Each structure stands twice: as C-alpha cells, then as structure tokens.
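# Fold and contact review
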Amino acid sequence: MKLSDRRSWLAGALAMAVVAAGASVATSAQAAVTGCQVAYQVSSQWSGGFSANVSLTNLGDPVTSWQLTWSFTAGQTVTQLWNGSVTQSGAQVTVTNAAWNGAIGTGGTASLGFNGSSGATNPVPTDFALNGVPCTGGTSGGGPTTTPPTTTPSSGGGSLPSSFKWSSSGPLIVPKSDANHNLVAVKDASVVRFNGKWHAFLSTVNTAGSYSMEYLDFTDWSQAGSAAQSYLDQTAIGTGYKTAPQVFFFAPQKLWYLVYQVGDNAAYSTNTDISNPAGWSAPHNFYTSEPAIVQQNIGSGFWVDFWVICDSANCYLFSADDNGHIYRSQSSLANFPNGFGNGGNTVIAASDPNKFNMFEADNVYKIDGSNTYLLIVEAIGSDGHRQFRSWTSGSLAGSWTPLTATQSNPFAAVSNVTFSGTPWTNDISSGEAIRSGFDQNMTLSPCHLQYVYQGDDPASAGLPYNSLPWRIGMLTQTNSAC
C-alpha cells in the first residue's frame with residue numbers, strides 16, 4: 001500500500017456460500033465454557049457438482065478428537081473429502097478427524113474440504129453439530145462473549161504446490177460514496193472470519209486522490225457488495241493519510257489490532273470488539289522514527305505495507321519500500337506493540353536488484369500443520385501489470401527460498417488466473433489470503449487457498465495511479481493437491 005502512489009487493483013466474483021455457527025462440545029463431565037465456530041464455503045460450482053471448504057474453530061476447551069455432522073437439504077452428496085473421513089446416510093453427513101488433526105486447542109482450527117454432487121439448487125447445509133451437540137451460534141455454560149479466547153495455530157494438512165492455478169470472481173466490493181466521501185476506489189483488503197461473519201477492512205481513495213479506510217461485515221460473500229460501509233475517519237482513528245490495513249486478534253492481550261500506514265510510519269489502533277467500528281482507539285506509532293536501514297536503502301521509493309506476524313516468542317513487523325527490499329523488525333511477544341523503538345534491530349529480510357520483482361504489498365503466513373512460512377510480495381511484470389510472487393522459509397527470522405517467484409511462474413497473475421468471460425482486470429494487486437484463524441499467528445491452510453485481491457477495469461489504463469477505479473475480488477485455487 002503506498003503513500004502518494006498507493007496501488008491496488010481489485011477483482012472479484014465468487015460463487016460462494018458461507019454459513020457460520022457455534023457449537024458446544026463437552027470434553028469431560030466437568031467441562032467449562034465450550035463452543036465452536038463452523039464456516040462452510042462453496043468455492044466453486046458446475047453443472048451437477050461443486051467444491052466446498054469447511055473450517056471448524058474451537059472457541060472452548062481443547063479437544064483431542066472430533067466429529068462434525070450436518071444435513072444436506074437438496075439431495076447433495078459428498079463424493080470426495082480431504083483432511084478427514086466421511087460417511088453419509090441419506091441427507092446426514094458425518095466427518096471424523098484424520099489421524100493428524102484430531103487435537104484442536106482453544107482457538108485452533110481444523111480445515112477440511114470436499115467435492116460433491118448437486119442438483120439444480122445447492123443450499124447451505126443445516127444442523128451443524130460438533131461431537132453430537134447442535135451448533136448454537138455462540139458458547140454454552142458461560143453466556144455469549146464478544147472477546148475470543150486465547151488462540152493457537154490450527155492443525156492442517158497438505159503442502160504448497162510448486163505452481164498455482166486460480167479462478168477469479170468478478171468485483172465483490174465496490175466504492176460507496178456519501179456526502180463526505182466521494183470515492184473512486186476501494187483496495188488493500190484485510191479480512192477475518194469471526195463469530196459467524198466476515199469482517200473486512202479496506203483502503204479508500206477519493207476523487208482528490210486522498211486515502212482513508214473503511215469497515216464492513218457480512219455473513220456471506222454474496223452480501224459483500226450490499227453491506228453497509230463504515231468510514232473509519234469518523235472514528236478516533238481520524239482523518240488524514242491512513243491506509244493499507246491489516247487486522248488480527250492479539251490473544252495475549254485479548255485485543256483486536258488494526259495495523260496501517262500513517263504518513264511515513266507504521267501505526268496501530270486497538271478494539272475489544274471487531275464488529276464495533278466506533279471502538280477503535282486513536283493511532284499509535286510502532287516506531288519512534290524511520291529505521292536507519294530503511295533510510296539507507298529506500299532510494300526514491302516509499303516505506304509501505306506493514307505486516308505483523310508472531311510466533312510463540314516474538315512478533316515481527318515486515319514492510320516494503322518500492323525499491324526491491326522487504327524489511328523485518330522484531331519485538332518480544334511480551335513487549336508488543338512497544339518493542340520496536342527506533343527500529344534499531346530492523347534488517348533486510350529479502351531483496352531483489354530489480355525493484356519491480358519485489359515491490360510492495362507483502363504478506364507473511366504460517367502454514368497449518370508445518371514449520372513453513374509463506375511470504376507473498378506484489379511485483380510489476382515486464383508488461384507493467386501487477387502480480388504476486390512467493391517465497392518460503394522455516395523461520396520468521398530466516399532467509400527466504402523462491403517458491404513461485406518469477407514472471408513465468410507467479411503466485412498469482414492474469415497468466416494463471418481463469419475468469420468467467422472477459423477478464424475484468426489485467427492486474428492482480430494488493431490483498432490478503434483467507435486465513436484459517438484470526439490471531440497474531442497468521443495461520444493459513446495450504447488446501448484450496450483463497451485470496452482477496454484488488455483489480456481495475458483495463459479501460460482505465462493510463463489514468464493517474466490515485467484515480468484508478470480499484471475493486472475487490474476473490475481468487476480460488478483450482479489445483480490444490482489436498
């Protein structure tokens with residue numbers, strides 16, 4: 001996300017149904033507050049069949065094994081399932097954990113997916129239950145909560161491929177103006193699933209080229225385009241240049257964090273309730289000043305796109321400079337968010353002599369069920385169009401090995417994305433993957449990835465960057481090995 005020339009071109013259209021619910025599950029006769037959340041997503045659909053992803057988040061006490069059940073309502077059947085074993089009797093489906101993903105800690109997530117057959121209609125299933133207890137939409141034994149419990153990385157399976165293929169939705173979220181916000185673009189999406197809803201934070205650009213942010217929530221991506229948009233410049237975050245959001249729940253403090261760019265620094269606001277846009281605090285800077293190593297290497301670029309990810313001991317703040325460098329600063333978990341100081345321990349985590357190969361919009365994720373981290377960075381191809389490239393590492397403080405890091409083998413570009421009809425964008429730009437969790441560990445299932453991105457109408461080529469009509473869309477992986 002950028003200061004004067006912030007770039008993001010969004011695209012989207014996704015045949016997807018989402019349902020979220022809470023379930024109570026007793027792990028012992030003396031179990032305390034327990035609960036879970038289930039997200040069901042139809043990721044693709046065709047005549048007579050479909051693919052769906054299911055994410056089970058444990059909001060209560062740890063479990064060592066699980067059975068998830070649901071009922072189809074229109075004669076659908078499961079034909080192939082991964083990350084578990086399945087039986088089906090009529091409309092009733094029972095999925096039992098695999099040998100490696102039965103244990104789910106408090107806040108942990110187990111992900112599964114399947115292919116199925118369907119008729120003319122394919123509604124979302126009903127009667128979700130965990131270990132025989134019906135889903136209730138919240139927690140039992142202690143009343144509803146708005147602050148989630150301590151979270152842990154989810155279990156998972158599968159591995160990242162050596163190349164990716166995607167299908168794209170059409171535009172899912174477009175600018176909405178009011179008397180005080182005459183918008184031309186929405187971009188830089190950060191999205192989490194919590195308490196049965198998607199919570200999305202976006203950059204906005206108005207007709208004067210000024211940047212701000214907004215929030216919206218919805219239960220199903222089909223509702224994203226009609227969801228009410230709350231402008232965050234009307235909160236304690238305030239007016240002025242605020243852009244490129246990242247949202248996550250910091251479990252040690254039981255607070256939501258919104259990380260974003262303010263002028264030439266990285267800032268954050270906190271909130272106890274992600275669904276309350278008025279609850280965000282005023283901005284606080286992470287750094288007392290721009291790190292010296294950034295000043296020495298930024299050239300004519302801009303210090304942009306701040307991204308926080310933590311492990312069990314430390315939190316790391318990544319950033320880019322539009323000049324071929326990805327930076328990494330470090331703070332202990334206990335000192336977060338106050339441990340970055342003047343950036344004295346900031347280092348160059350990755351670089352490329354061609355600045356366009358490692359330009360901006362950096363994301364870093366922990367891959368479920370492994371010790372692998374995934375770095376995704378926006379590049380500009382030789383044709384001038386935006387794309388993403390990727391690298392992996394065994395440590396957040398380690399070096400990065402190319403995964404899909406060339407123009408001919410990108411993480412995501414128009415060359416490996418299929419559109420329905422004429423492509424609505426030539427650029428796959430700034431965004432974020434759909435995570436398997438919502439906490440500071442930034443967990444990501446390697447199975448059937450989805451990525452929210454920005455694109456714009458090819459007819460707008462040649463406009464000043466800050467006048468480009470960015471829209472938000474969704475990529476769905478079509479070559480998952482899971």
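The present account deals with the structure reproduced in this document. (Residues numbered from 1 in each chain as written. Predicted model: local features only at pLDDT ≥ 70, side-chain atom pairs only at ≥ 80, totals over all residues. Heavy atoms only, no water.)

### A look at the overall build of the chain
In terms of regular secondary structure, the chain is built from 1 helix and 34 strands. Every one of the 482 residues in the chain was classed for burial, and the buried ones make up 59%. In the chain, of all internal contacts separated by at least 6 residues, the share reaching a separation of at least 24 is 64%. Carbon and sulfur atoms form 50% of the exposed surface of the chain, whose accessible area is close to 16,500 Å². (Helix = DSSP H or I, 4+ residues; strand = E, 2+ residues; numbered from the N terminus. Buried < 20%, exposed > 50% of the residue type's maximum accessible area, 1.4 Å probe, protein only. Contact = heavy atoms within 4.5 Å. Areas by Shrake-Rupley, 256 points an atom, 1.4 Å probe, with all protein chains shown as cover.)

### Description of unusual backbone geometry
Cis rather than trans, the peptide bond between Phe336 and Pro337 has omega equal to 5°. Tracing the backbone through its elements, the reader meets Pro337 in the loop between β24 (325–332) and β25 (347–351). One non-glycine residue, Met442, lies in positive phi territory at about 50°. Relative to the elements of secondary structure, Met442 occurs in the loop between β31 (429–433) and β32 (443–444).

### Concerning the pattern of salt bridges
Counted under the stated rule, the structure contains 4 salt bridges. The partner of Arg386 in a salt bridge is Glu378, with the nearest N and O atoms 2.5 Å apart. Of the two residues examined, Arg386 and Glu378, each falls in the buried class. The shortest N-O distance in the salt bridge between Arg435 and Glu432 comes to 2.7 Å. In this pair, the class of Arg435 matches that of Glu432, namely buried. One connected set of salt bridges, linked through shared partners, spans Glu360, Glu378 and Arg386. (Salt bridge = Lys/Arg side-chain N within 4 Å of Asp/Glu carboxyl O.)

### A look at the packing of aromatic side chains
The description of an aromatic ring pair rests on the distance of the ring centres and on the angle between the ring planes. Scanning the model with the defined rule gives 41 aromatic pairs in all. On the numbers, 4.9 Å between centres and 70° between planes, the contact of Phe218 with Trp221 is edge-to-face. For Phe218, a relative accessible area of 3% corresponds to the buried category. Between Tyr287 and Phe340, the aromatic rings sit 6.0 Å apart at their centres with planes inclined by 45°, giving tilted as the arrangement. One end of the pair, Tyr287, is in the loop between β21 (284–285) and α1 (292–297); the other, Phe340, is in the loop between β24 and β25, and 53 residues separate them in sequence. A connected cluster of aromatic rings, assembled from ring pairs, spans Phe248, Phe250, Tyr257, Tyr268, Phe286, Tyr287, Trp303, Phe306, Phe336 and Phe340. (Phe/Tyr/Trp six-rings, centres within 6.5 Å; stacked < 30°, edge-to-face > 60°.)

### Structural notes on the sheet that holds β24
The strand order β22-β23-β24-β25 describes an open sheet built from 4 strands, whose pairing is antiparallel. Looking at the sheet topology across the chains shown, the edges are occupied by β22 (304–310) and β25. Across the sheet, the axes of successive neighbouring strands diverge by a mean angle of 25°, strand direction being ignored. Here β22 pairs with strand β23 (residues 314–320) via 5 bridges, running antiparallel. Of the residues in β23, the one forming a bridge with Cys310 is Cys315. (Pairing = 2+ DSSP bridges. Axes fitted to C-alpha atoms, helices over the stretch in contact; angles between N-to-C directions.)

### Section: the nonpolar core
By size, the foremost hydrophobic cluster in this structure holds 60 residues, and its most contacted members are Trp166, Phe286, Phe318, Phe336, Trp400 and Tyr451. Among the elements that line this core, the one with the most residues is β22, at 6 residues. Trp166 has contacts with Phe411, Ala412, Asn416, Val417, Thr418, Leu449, Gln450, Tyr451, Leu475, Thr476, Gln477 and Thr478, leaving out every residue within four places of it along the chain. Listed in part, the 23 residues of the second largest apolar core include Val38, Val42, Val63 and Val93. (Core = buried A, V, L, I, M, F, W, Y, C linked by side-chain atoms within 4.5 Å.)

### Description of the state of the cysteines
Counted according to the given criterion, the structure contains 2 disulfides. Note on cysteine connectivity: Cys447 is disulfide-linked to Cys482, with sulfurs 2.1 Å apart. When the S-S torsion is -75°, as for the bridge of Cys447 with Cys482, the disulfide is left-handed. In this pair, Cys447 sits in the loop between β32 and β33 (450–455) while Cys482 sits in the segment after β34 (471–477), placing the two residues 35 residues apart along the sequence. Judged by relative accessible area, Cys447 falls into the buried class, the value being 9%. For the chain, the bonded cysteines pair up as 1-2, 3-4 when numbered in the order they occur along the sequence. (Disulfide = S-S within 2.5 Å.)

### Considerations on the pairing of β22
With 7 of 7 residues buried, β22 is to be regarded as a mostly interior element. What sits between the antiparallel neighbours β22 and β23 is a turn of 3 residues.

### Description of the pairing of strand β4 (residues 49–58)
Working note: regular strand, side chains alternate between the two faces of the sheet. Of all 10 residues in β4, 10 are buried, a share of seventy percent or more. Here β4 shows two buried faces, one formed by Gly49, Ser51, Asn53, Ser55 and Thr57 and the other by Phe50, Ala52, Val54, Leu56 and Asn58. Pairing geometry for β4 and strand β9 (residues 109–117), over 9 bridges, is antiparallel. Counterpart to Ser51 in the pairing with β9 is Asn115.

### Regarding the environment of Asn338
Structurally, Asn338 can be placed in the loop between β24 and β25. Residues Asn338 and His284, spaced 54 residues apart in sequence, show a C-alpha to C-alpha distance of 9.7 Å.

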